[in-house]
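Now for the letters of each chain:
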Amino acid sequence: VNAPVLPHSVTVLGGGRMGSGITHAFLLAGSQVTVAEAGAAAAAAARNRIARMMAESAARGALVGTPDDVLARLSAIPDLESTPADSELVVEALPEDVDLKRRALCVVEARVRPETLLATNTSALSIDAMAAGMQRPNRFLGMHFFNPVPASALVEIVVGTRTGDAALDAAHAVAVALGKTPIVVRDSPGFATSRLGLALGLEAIRMLADGVAEAEDIDRAMQLGYRHPVGPLRLTDLVGLDVRLAVAEDLAARLGPRFDPPPLLRAKVRAGELGRKSGRGFYDWPAS
Ligand SMILES: NC(=O)c1ccc[n+]([C@@H]2O[C@H](COP(=O)([O-])OP(=O)(O)OC[C@H]3O[C@@H](n4cnc5c(N)ncnc54)[C@H](O)[C@@H]3O)[C@@H](O)[C@H]2O)c1
């Protein structure tokens, strides 16, 4: 196990759901964090999101100092080109689009020092595909965080063909400094988490379609029988049925028909039943 090494300065590309959470976690740990968004309005929205998360952490007693003390270490910038050159770590959390990510990483790599560690938070895209075109692919790997970032215990480190040992060691040390347990996975479709999680989710959907049991009972089977904190159908609602469909299509293309999306999943996505975010998926989600 590597000794924890907290980067002094971190840049997070994209301040959406995951980018805000990753920013939040590094701020709590003590880093200086820059979050880069697309435009001034998006940067202000990201700052507000992170400030709200920080207020919640303060209410739970999880802050050293006041929210304002911690937020003094945050800057939100309106474009990737302004990434601070002295960033020790850059974590990319842009939308799941390999071309967008590849272009962004090239722009940022040209701005930072040669020793900067570059990481992507992709859920399932290929690290090697993203590294094509990079000057220093040996300094690049996946650091896959989970939602909500501050509360989740895992970082899945994804090693590409050209990732160097020093980068792997550095990512390991960063994960430990955040209080998380890293696992190391070779760049492969769906890594460990998305591949196994999806296999369970798709089978649960097939079982529901086959009339094996009601959604609640399928979920209870895994919660009470196997101690999963959330059942596979409820988890699919939380992740988003459209997100799971896209990952299933990608894994089916790369790993074979065992990941073919079940017709019930396609039908629900077509009907706009996307899970919690749309108010209905395998469960009803009344607006809170
Ligand atoms: N949502 C999850 O639970 C989850 C979990 C693990 C990993 N991921 C991965 O994390 C990544 C981000 O997912 P998310 O759910 O946070 O998405 P999101 O849509 O909430 O956030 C993406 C952010 O990127 C910004 N953005 C888009 N183009 C930009 C550009 N050119 N420059 C700067 N900012 C730009 C958007 O404004 C948005 O705020 C994806 O790769 C996703 O697969 C998501």
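Residues numbered from 1 in each chain as written. Predicted model: local features only at pLDDT ≥ 70, side-chain atom pairs only at ≥ 80, totals over all residues. Heavy atoms only, no water.

Undergrad: Got a minute to help me understand the overall build of the protein chain in this structure?
TA: Within the protein chain, the secondary structure is distributed over eleven helices and eight strands. Over its C-alpha trace the protein chain gives a radius of gyration of 19 Å, about what one expects of a compact globule, namely 19 Å for 288 residues. Across its three principal axes, the protein chain shows a C-alpha extent of roughly 55 × 45 × 40 Å. Among the 288 residues that make up the protein chain, the fraction classed as buried is 46%. Residue pairs in contact within the protein chain that sit at least 24 positions apart in sequence constitute 68% of those at least 6 positions apart. Entry remark: accessible area of the protein chain is about 13,400 Å², with carbon and sulfur atoms responsible for 56%. (Helix = DSSP H or I, 4+ residues; strand = E, 2+ residues; numbered from the N terminus. Rg over C-alpha atoms; globule rule 2.2 N^0.38 Å. Buried < 20%, exposed > 50% of the residue type's maximum accessible area, 1.4 Å probe, protein only. Contact = heavy atoms within 4.5 Å. Areas by Shrake-Rupley, 256 points an atom, 1.4 Å probe, with all protein chains shown as cover.)

Undergrad: Explain the pairing of strand E1 (residues 9-13) to me, please; I cannot follow it from the model alone.
TA: In terms of residue burial, E1 counts as a mostly covered element, since five of its five residues are buried. Going residue by residue along E1, you find Ser9, Thr11 and Leu13 tucked away on one face and Val10 and Val12 tucked away on the opposite face as well. Bridge count between E1 and strand E2 (residues 32-36): five bridges; the pairing is parallel. For Leu13, the partnering residue across the bridge sits in E2 and is Ala36. (Pairing = 2+ DSSP bridges.)

Undergrad: How should I be thinking about the pairing of strand E7 (residues 154-159) in this particular structure?
TA: Successive side chains on a regular strand alternate, one facing one side of the sheet and the next facing the other. Counting buried positions along E7 yields five of six residues, so the element is predominantly enclosed. For strand E6 (residues 140-144) and E7, the ladder comprises three bridges, and the chain directions are antiparallel. Of the residues in E7, the one forming a bridge with His144 is Glu156. In this structure, E7 lies alongside strand E8 (residues 181-186), joined through six bridges in parallel fashion. Directly across from Glu156, in E8, lies its bridge partner Ile183.

Undergrad: I keep staring at the site of the ligand and nothing clicks. Help me out?
TA: Neighbouring residues of the ligand: 20 residues in total, closest Met18, Glu37, Glu96, Lys101 and Ser123. Here an oxygen atom of the ligand and a backbone polar atom of Arg17 are 2.9 Å apart. The side chain of Asn121 places a nitrogen or oxygen atom 3.0 Å from an oxygen atom of the ligand. Residues of the shell around the ligand, tallied by class, amount to eight nonpolar, eight polar and four charged. (Near = heavy atom within 4 Å. Polar contact = N/O pair within 3.5 Å; in protein donor to acceptor, adjacent residues only side chain to side chain. Nonpolar A, V, L, I, M, F, W, Y, C, P; charged D, E, K, R; others polar.)

Undergrad: How should the environment of Val64 be read in this particular structure?
TA: As for its position among the elements, Val64 is in the loop between helix H2 (40-59) and helix H3 (67-71). When the C-alpha positions of Val64 and Ala29 are compared, they lie 9.4 Å apart, and in sequence the two are 35 residues distant.

This is a description of form; function is not addressed.
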